[in-house]
Amino acid sequence: MLQPWTLLPSPPAVAGHAAGAAAVQRQHRRRLRGAIGDDTNFRRWRQGVFGFGAGGVHRLTAHRPAAILRRGGRSVEVKLARTAGFCMGVRLAMDKALALAAQGRGPVYTLGPLIHNPQAIGMLEAHGVRELKGAPDALPGADSGRPGTVVIRAHGVPEQVKDQLRARGLEVVDGTCPHVLAAQRHIARHAAEGYTIVIAGDKDHAEVEGLRSHAGGRCIVVSTVEEAQAAEVVEPACLVAQTTFNEETYELIAAALRRRLARLEVVQTICRATRDRQEETLRLAHDPEVEAMVVVGGLHSANTRRLAELSRAAGKPTFHVETAADLDPQALWGFRVVGLTAGASTPNWVTHAVLQALEDIHRPAPLAQALGWRALAALTRSNVFSAAAAVALTYAAAQLLGIRDPSPVFLLSAFCYVFAVTTLNRLALGDAPERLLPPRVAFYHRHARPLAAASALFALGSLSSLVLMGNWLATALMALGYALGVAYAVRLVPARLSRLVRFARLKDLPASKDLFVALGYLVVCVLVPWLSQGGRGRPALAIAAAFAFILTFLKANVVDMGDMEQDRLLGRETLPILLGSARTRRLLTALAVVLAIVLAAGAALGWTPSLAWLLLACPASLIVYLWHRHDFPTAPDVVAALAADGAMLLAGLLALGWRALALG
Ligand code: SF4
């Protein structure tokens with residue numbers, strides 16, 4: 001048997017000369033092709049080397065000879081499926097469970113796992129939502145003192161189970177997905193009209209059990225065409241599908257039954273979310289550019305496993321992973337384009353962590369570009385980028401206020417404030433174990449002490465600088481800003497009173513985060529410099545204040561729109577969570593237009609310098625991003641931060657340019 005790694009020289013490892021290394025890599029690849037035949041053979045050879053036969057689904061664990069698998073600094077493109085992530089049904093059920101837990105009215109349970117994803121389950125447990133295992137009549141009941149509430153998961157359950165739960169004194173909150181409810185209604189109606197119900201699905205799946213309970217006595221479950229051909233079906237019959245059933249198989253089953261039955265009604269119950277994910281996975285897997293597929297999601301999740309099966313059937317090497325930790329860099333070496341998709345039960349922060357890990361495995365060449373991207377990603381995922389953006393905003397606001405040469409103390413104070421307060425708030429996020437936290441939050445928890453120490457130093461430094469300037473009013477205002485930042489994150493109501501008061505912290509107030517963020521920026525970037533310079537020019541103050549407040553409110557919400565899933569899991573009720581993504585986008589667009597009008601009015605009325613005209617580019621850039629954000633599927637959190645904080649950086653750059661021109 002051909003053992004290429006024993007016969008061929010290995011590719012060079014990444015070194016300082018990445019471009020050269022990439023060229024040698026290409027040469028090496030050509031030599032390999034020459035040695036082992038055409039591209040098809042090359043693929044076959046690679047499949048042999050990496051341990052997967054054509055189309056096999058593998059969990060990434062294998063380790064291969066390092067000589068041939070050493071990384072070569074090659075570029076990779078990750079094609080991320082737009083449909084990856086929670087579907088509507090899972091999201092609704094999660095929302096219900098988390099909202100009940102936040103109300104603190106008693107124990108909250110789910111009957112079986114609410115979602116087939118260990119990371120999301122872990123996060124639910126951290127919020128006190130526990131899974132009940134066993135038959136309903138063996139569960140704790142009213143006699144246990146605090147029976148609590150049971151959330152029915154998206155798959156639904158047989159009606160008798162709900163009755164049994166209620167009989168035990170448990171409150172039942174139905175988290176059954178609306179699509180599953182619709183399928184149940186179809187079945188109940190046809191069963192009442194005397195139809196035999198044929199369900200295409202997995203006999204042992206909880207959803208199918210629930211569907212059967214609505215079918216009365218005449219119900220048959222089939223999962224293959226052969227079973228459909230062999231089934232004894234009494235006419236008239238009605239065919240429905242488990243909502244996550246494979247669409248092609250369903251059509252084949254329907255065709256097989258139609259050939260045998262004159263009176264057959266076929267109902268389309270496969271949900272759009274499932275179809276969209278399956279279609280997009282197939283599109284990616286059939287994309288000739290895509291060389292391998294990574295499917296993210298619970299290993300026991302039926303819909304995720306189905307995506308992996310489809311990808312395998314399309315002939316692509318497919319890796320089903322639960323988290324980024326399951327990725328094996330060695331196994332993924334050599335693929336230039338990787339398709340990435342995720343099941344309907346996979347939180348998007350888990351998918352983003354896998355995306356990030358894939359990028360880390362395959363660094364874009366040349367090295368300078370790779371380092372540039374990694375530095376950018378690290379900056380945006382830390383507070384440094386936001387803090388630098390605050391400096392830029394302060395400079396732009398100072399120009400609007402007519403402060404031509406703002407003191408460096410104000411600029412540094414803005415940096416220190418944003419760094420310290422954002423760090424504090426991230427550290428106060430989530431009481432869950434670190435492994436369950438989204439990567440950005442986990443980073444802060446991992447480095448909590450040095451980050452907290454740096455924040456305290458920054459806060460002390462900025463306050464002392466203002467004291468040394470002798471401006472007590474500005475110092476008091478800055479101290480108030482810090483106090484607000486601290487008060488926002490810490491518990492104001494003792495834990496023992498939390499049953500009486502729902503909002504124990506300011507951050508528990510729905511949609512409060514973005515308002516507090518905007519208020520903080522307003523104080524630090526506008527009011528402190530304005531007071532320090534004698535508090536002159538009220539009309540200019542109004543325009544500068546509106547500019548800073550609205551721009552930072554927009555920035556905070558742009559970031560929140562990308563963090564909706566993790567915010568839900570962390571129990572944060574941001575504006576996008578309250579309004580939904582589409583309405584938030586419309587609201588933010590309207591606010592950006594208002595900001596543009598305010599700036600234009602300020603400039604036209606002569607209340608502010610002509611810089612205000614240039615600053616129209618800031619709300620415009622955010623509007624463009626809001627309506628095109630899905631065009632940037634790679635590293636969405638980095639792109640969102642670039643767009644959000646980038647609008648503030650843009651303001652600073654425009655102000656610098658305008659000032660330079662004015663001086664010239
Ligand atoms: S996959 Fe479809 S049917 Fe199933 S929970 Fe999600 S939205 Fe509902």
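Residues numbered from 1 in each chain as written. Predicted model: local features only at pLDDT ≥ 70, side-chain atom pairs only at ≥ 80, totals over all residues. Heavy atoms only, no water.

### What to know about the overall build of the chain
In terms of regular secondary structure, the chain is built from 29 helices and 13 strands. A separation of at least 24 residues holds for 73% of the contacts in the chain among residues at least 6 apart in sequence. Here the chain has roughly 28100 Å² of accessible surface; of this, 60% comes from carbon and sulfur atoms. (Helix = DSSP H or I, 4+ residues; strand = E, 2+ residues; numbered from the N terminus. Contact = heavy atoms within 4.5 Å. Areas by Shrake-Rupley, 256 points an atom, 1.4 Å probe, with all protein chains shown as cover.)

### Topic: the pairing of strand β3 (residues 108–111)
Along β3, one buried face is formed by V108 and T110 and the opposite face, lined by Y109 and L111, is buried too. Inspection of the sheet shows β3 paired to strand β4 (residues 129–132) by four bridges, in the parallel sense. Paired with L111 across the bridge in β4 is L132. A crossover connection joins β3 to the parallel β4 through helix α6 (residues 118–126); in handedness this β-α-β unit is right-handed. Where β3 lies against strand β5 (residues 149–152), three bridges are found, and the strand directions are parallel. In the strand pairing of β5, V108 is matched with T149. (Buried < 20%, exposed > 50% of the residue type's maximum accessible area, 1.4 Å probe, protein only. Pairing = 2+ DSSP bridges. Right-handed = clockwise from strand over helix to strand, strands pointing away.)

### Here we look at unusual backbone geometry
The step from E235 to P236 runs through a cis peptide bond, and the omega angle for that step is -5°. Structurally, P236 is set in the loop between α10 (225–230) and β9 (237–241).

### Observations regarding the site of the ligand
Within the structure, the ligand sits among C87, G89, A154, C177, H179, T243, C271 and T274. Along the lines of polarity and charge, the residues of the shell around the ligand split into four nonpolar, four polar and no charged. (Near = heavy atom within 4 Å. Nonpolar A, V, L, I, M, F, W, Y, C, P; charged D, E, K, R; others polar.)

### A word on the pattern of salt bridges
By the definition in use, this model includes 14 salt bridges. One salt bridge connects E247 with R275, and the closest N-O pair in it is separated by 3.6 Å. Separated by 28 residues along the polypeptide, E247 in helix α11 (residues 247–260) and R275 in helix α12 (residues 272–286) bring together distant segments of the chain. Each member of the pair, E247 as well as R275, carries the same accessibility label: buried. Close ionic contact of R272 with D276 constitutes a salt bridge, the shortest N to O distance being 2.7 Å. Here the residue R272 and the residue D276 both occupy positions in helix α12, the gap between them amounting to four residues, near one helical turn. (Salt bridge = Lys/Arg side-chain N within 4 Å of Asp/Glu carboxyl O.)

### Remarks on the packing of aromatic side chains
Counted according to the given criterion, the structure contains four aromatic pairs. Positioned above the aromatic ring of W627 is the side chain of R585, whose terminal nitrogen or guanidinium carbon lies 3.8 Å from the ring centre. (Phe/Tyr/Trp six-rings, centres within 6.5 Å; stacked < 30°, edge-to-face > 60°. Lys NZ or Arg CZ within 6 Å of the ring centre and 35° of its normal.)

### As for the sheet that holds strand β8 (residues 219–222)
Strand order in this open sheet of four strands is β8-β7-β9-β10, and the pairing throughout is parallel. What marks the edges here is a single partner per strand, and that holds for β8 and β10 (264–266). Mean inter-strand twist for the sheet, computed between neighbouring axes without regard to direction, equals 20°. Across four bridges, the pairing between strand β7 (residues 196–200) and β8 is parallel. Bridging across to β8, V198 finds its partner in I220. Of the strands in this sheet, β7, β9 and β10 touch helix α8 (residues 178–192), which is tilted by about 155° from β7. (Axes fitted to C-alpha atoms, helices over the stretch in contact; angles between N-to-C directions.)

### Considerations on the pairing of strand β6 (residues 171–174)
Judged from the four bridges that link them, β5 and β6 form a sheet pairing that is parallel. Bridge pairing in β6 links V150 to V172. Regarding the hand of the β-α-β motif, the stretch spanning β5, helix α7 (residues 159–167) and β6 is right-handed.

### Description of the nonpolar core
Judged by nonpolar contacts, the single largest core of 73 residues is most densely connected at L393, Y482, V526, V528, F547, L551 and L615. The dominant element in this core, judged by the number of residues it contributes, is helix α23 (residues 538–562), at 13 residues. Dropping the residues within four chain positions of it, V526 is found in contact with A397, L401, Y521, L541, A544, A545 and A548. Listed in part, the 20 residues of the second largest apolar core include A93, L98, V151 and A344. (Core = buried A, V, L, I, M, F, W, Y, C linked by side-chain atoms within 4.5 Å.)

### Quick notes on the side chain of T244
With respect to the helices and strands, T244 occurs in the loop between β9 and α11. Judged by its relative accessible area of 14%, T244 is buried. Those residues in contact with T244, other than ones at most four positions away along the chain, are T274, Q278, N303 and R306.

### Section: the packing of helix α18 (residues 408–427) against helix α20 (residues 448–469)
Taken N-terminus to C-terminus, the directions of α18 and α20 make an angle of 150°; their axes are 9 Å apart at the nearest point. With respect to their mutual orientation, α18 and α20 come out roughly antiparallel. Viewed along their axes, α18 and α20 form a crossing whose handedness is left-handed. Every residue of α20 that contacts α18 at V409, F410, S413, F415, C416, F419, A420, T423 and L427 is listed here: A448, L451, A452, A454, S455, F458, S462, S465, L466 and M469. The residue makeup of the contact of α18 with α20, split by class, is 14 nonpolar, five polar and no charged. (Parallel < 35°, antiparallel > 145°, perpendicular 65-115°, else oblique. Left-handed = near helix turned anticlockwise from the far one by under 90°.)

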